[in-house]
Amino acid sequence: MVNLSAPLLLCSVFLITICKCSQSDPLLDPVNFSFKHFYTNSNSATDICKRTLDSTSLQLWNLSSEKLSATFPLDPIQENYVRRVRGCVFSAVTPTPFSSKPILVAVSQEVLQGILDLDISVVGSDEFLEFVSGGKVKPGTVPLAHRYGGHQFGSWAGQLGDGRAHLLGEYTNRCGDRWELQLKGSGKTPYSRNGDGRAVLRSSAREFLCSEAMHHLGIPTSRAASLVVSDDPVWRDQLYNGNVKKERGAVVLRVAKSWFRIGSLEILAHSGELDLLRKLLDFVIEEHFPLIDIQDTNKYLEFFSRVLSETANLIALWMSVGFAHGVCNTDNFSLLSITIDYGPFGFMESYDADFVPNTSDDEGRYKIGNQANVGMFNLNKLLQALKPLMDDRQKQQALQMLEGYPQLYYNRFFELFKAKLGILGESEDDETVIVTFLNLMEDTKADFTMTFRELSEITQAQLEDLSISKEFWALQDLVEHKLFPQWVTMYLLRLKSHPSDSDVERRGRMLKTNPRYVLRNWMAESAVRKAENNDFSEVRLLHQVLQHPFRKQAVAEKAGYASRPPSWAKDLKVSCSS
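Please read all numbers here as calculations on a predicted model, not as lab measurements.

Chemist: An account of the overall build of the chain is needed here, citing residue identities and associated values.
Modeler: Across its full length, the chain holds 20 helices and twelve strands. Taken over the C-alpha trace, the chain has a radius of gyration of 24 Å; the compact-globule value for 578 residues is 25 Å, and the two agree within 12%. Taken over the C-alpha atoms alone, the chain extends approximately 70 × 65 × 55 Å along its principal axes. Separation of charge centres in the chain, based on 63 positive and 70 negative side chains, amounts to 3 Å.

Chemist: So what's going on with the nonpolar core? Residues and values would help.
Modeler: Membership of the largest hydrophobic core comes to 136 residues, with the highest contact counts inside it found for Phe303 and Tyr491. The greatest single-element share of this core, amounting to 13 residues, is contributed by helix α8 (residues 299-320). Not counting the four nearest positions on each side in its chain, Phe303 is found in contact with Leu265, Leu281, Val284, Ile285, Phe289, Ile292, Leu335, Leu382 and Leu386. With 28 residues, the next largest nonpolar core counts Phe128, Phe131, Ala225 and Leu253 among its residues.

Chemist: Any chance you could break down helix α4 (residues 126-133) for me, citing the residues and the numbers?
Modeler: Along α4, the residues classified as buried are Phe128, Leu129, Phe131, Val132 and Ser133. Elements in contact with the buried residues of α4: β2 (103-107), α3 (109-115), β6 (165-172), β7 (178-184), β9 (223-237) and β10 (244-256).

Chemist: So what about the packing of helix α12 (residues 430-444) against helix α16 (residues 484-496)? Which residues, and what values?
Modeler: Direction vectors running N to C along α12 and α16 enclose 150°, while the axes themselves pass 10 Å from each other. Crossing handedness for the pair α12 and α16: left-handed. Of α16, the residues touching α12 (which contributes Asp430, Thr432, Val433, Thr436, Phe437 and Leu440) are Phe484, Trp487, Met490, Tyr491 and Arg494.

Chemist: How would you sum up the pairing of β6? Please name residues and give values.
Modeler: For β6, a buried count of seven out of eight residues is recorded, marking the element as mostly surrounded by other parts of the structure. Across seven bridges, the pairing between β6 and β7 is antiparallel. Bridge assignment links Glu170 to a residue of β7, and that residue is Glu180. In sequence, β6 turns back onto β7 through a hairpin of five residues, with Gly176 there showing a positive phi of about 90°.

Chemist: Can you explain α16? Please cite residues and give values.
Modeler: With 13 residues, α16 should cover 18 Å at 1.5 Å per step; its first-to-last C-alpha distance of 18 Å lies within 8% of that length. For α16, the complete set of buried residues consists of Phe484, Trp487, Val488, Tyr491, Leu492, Arg494 and Leu495. Angular distribution of buried residues about the axis of α16 spans 155°; they occupy a single face of the element. Away from its buried face, by an angle of more than 90 degrees, α16 presents the exposed residues Gln486 and Leu493. Those residues of α16 that are buried are in contact with α12, α13 (448-457), α14 (460-464), α15 (473-479) and α17 (503-511).

Chemist: Could you give an account of the environment of Gln544, with specific residues and numbers?
Modeler: Structurally, Gln544 is set in helix α19 (residues 537-545). In this structure Gln544 comes out as buried when scored by relative accessible area, which is 7%.

Chemist: Which residues make up the packing of aromatic side chains, and what values go with them?
Modeler: Evaluation of the coordinates by the stated rule reveals 29 aromatic pairs. Here the aromatic rings of Phe323 and Tyr342 are separated by 6.2 Å at their centres, their planes lie at 65°, and the arrangement is edge-to-face. One end of the pair, Phe323, is in strand β11 (residues 323-324); the other, Tyr342, is in the loop between β11 and β12 (346-347), with 19 residues separating them in the sequence. In this structure, Phe323 and Tyr342 share a single accessibility class: buried. Pairing Phe417 with Phe452 gives two aromatic rings, centres 5.9 Å apart and planes at 75°, and the pair type is edge-to-face. Residue Phe417 is located in helix α11 (residues 405-420), and its partner Phe452 is located in helix α13; the two are separated by 35 residues in the primary sequence.

Chemist: Tell me what's going on with unusual backbone geometry, and back it up with residues and numbers.
Modeler: Look at Asp117: it is not a glycine, yet its phi comes out positive at around 60°. With respect to the element layout, Asp117 can be found in the loop between α3 and α4. Of note in this structure, Phe153 is not a glycine but carries a positive phi near 50°. For Phe153, the position within the fold is in the loop between β4 (149-152) and β5 (155-159). A relative accessible area of 33% means that Phe153 is categorised as partly exposed.

Chemist: How would you summarise the pattern of salt bridges if you had to cite specific residues and measurements?
Modeler: Enumeration according to the criterion identifies 36 salt bridges in this entry. In this structure, Asp196 engages Arg236 in a salt bridge whose closest nitrogen and oxygen atoms are separated by 2.9 Å. Of this pair, Asp196 sits in the loop between β7 and β8 (199-200) while Arg236 is found in strand β9, placing the two residues 40 residues apart along the sequence. The class of Asp196 is partly exposed, set by a relative accessible area of 33%. Note on Arg236: relative accessible area 12%, which makes it buried. One salt bridge connects Glu557 with Arg516, and the closest N-O pair in it is separated by 2.7 Å. Here Glu557 is found in helix α20 (residues 554-559), whereas its partner Arg516 is found in the loop between α17 and α18 (521-531), with 41 residues between them in sequence. Three or more residues joined by partner-sharing salt bridges are found here, namely Lys184, Glu207, Arg254, Arg261 and Asp341.

Scoring rules and cut-offs
- Residues numbered from 1 in each chain as written.
- Predicted model: local features only at pLDDT ≥ 70, side-chain atom pairs only at ≥ 80, totals over all residues.
- Heavy atoms only, no water.
- Helix = DSSP H or I, 4+ residues; strand = E, 2+ residues; numbered from the N terminus.
- Rg over C-alpha atoms; globule rule 2.2 N^0.38 Å.
- Lys, Arg positive; Asp, Glu negative; His and termini not counted.
- Charge placed at Lys NZ, Arg CZ, Asp CG, Glu CD.
- Core = buried A, V, L, I, M, F, W, Y, C linked by side-chain atoms within 4.5 Å.
- Buried < 20%, exposed > 50% of the residue type's maximum accessible area, 1.4 Å probe, protein only.
- Contact = heavy atoms within 4.5 Å.
- Axes fitted to C-alpha atoms, helices over the stretch in contact; angles between N-to-C directions.
- Left-handed = near helix turned anticlockwise from the far one by under 90°.
- Pairing = 2+ DSSP bridges.
- Expected span 1.5 Å × (residues − 1).
- Arc of directions from axis to C-beta.
- Phe/Tyr/Trp six-rings, centres within 6.5 Å; stacked < 30°, edge-to-face > 60°.
- Salt bridge = Lys/Arg side-chain N within 4 Å of Asp/Glu carboxyl O.

Shown next, in the form of structure tokens:
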């Protein structure tokens, strides 16, 4: 395995290692909240194709599971009990309704209107609540649970699968885009192992918020349409320390172009089901890789090349916003190279290449500085699954492609970080400028998000004079480093090497590249604590703020979302328990 951290580790650098709301605004009122009132005048949903009026009723809305259920053999056993499954890609299984009446906590208007063609008024109907909570299946559809396997923390775990998720069907919107709708937390399936098939409010709120936040940061991701909570008790040992407590069951309606992942192919290769492996691969290529000729004898090689390239790009994008996924198992790596399965993720605060968001990751396998290495490990497992369908020449070419992954990642990483620093053109000094800056951040434990953001806001004249006022609290931490003046000199010389580029233009570019707001763990924790007491105001506030992460917002500033993290946040821990 190539160590992707080695080339640039001067100091363990992780290279490859508004909404204006008043106090009376319904956004802040947990009791009198009206989805219709709040979203009616919102401009967040983007019209990307000419439409008629959005559907106001699910009865007029067509959802189908026919393509998947007709293409692949279904599990012949229809009873819903945990078992070893073979000879299929899906099991037909119905979601389990909550016993208590669910509460609709939040919805994404962008997803409902921009993707699913639903008018926001539909959220006020009982029909919608039943649909997004798993209480009622849309007539004519067959909910499916996906069979897959995976390598977890480096070891083959065998059969895994959708243990608490149900694929409700596929929707083709008026732009011609096809989206798969999936409930998470909707009850037991044949793949539930020892689980209860439920998700809790704590993790569901985090997933709803982060998937939407990542989209608005420009990171390829699954989307979240809605968040529902119930009073059904769910028992969890959150930190795996023997402290089991009662939590509230919740469901997220997620959408993605596809939920197939590396583990989808691995389980078939490991089981020797090569005809089904070939069928699944051909389906994925035909549906999601239109530039690959399905008749080409090298189609699987080309498929591997594209997944490899896009995986390198995805992880570099994660790194550019300080995002650590937390559980980069092969069953959590999408074949479409989008971010899926949000669990114990975290956005790095103080710069630290060893940042581990997942308290269950004792060895730090998935620390932020090792994500690119893990990506290469997972791609190698993808290659192992493809090998039974390749000849010797194709296997050798695929191996050469895999060996080129570090350079692909390296190039993309530096491209992104040059943009974060506002650097134009090419120079042999660019690597030094970037690496030195990251080293200074590491030495001073500077805040990752706000250091880059404040560098976007400060003028060159202020930097040159080293006049860093208190409003630039993250940069003030860097000023304490004895090498900071030298770096500033080097950085400004690099910027001035493009004399046609003004300081105003530089700051404008950087403000569109470096977010002011990300979903820090303390922010999510604050929202979750309130939500557990039926105050969903901060979940909704965060959802709205994070739709505009690059725009300074008065309500977000008042909430402290761009301030130094509170002292209590240092003790926060998240785990795989959900």
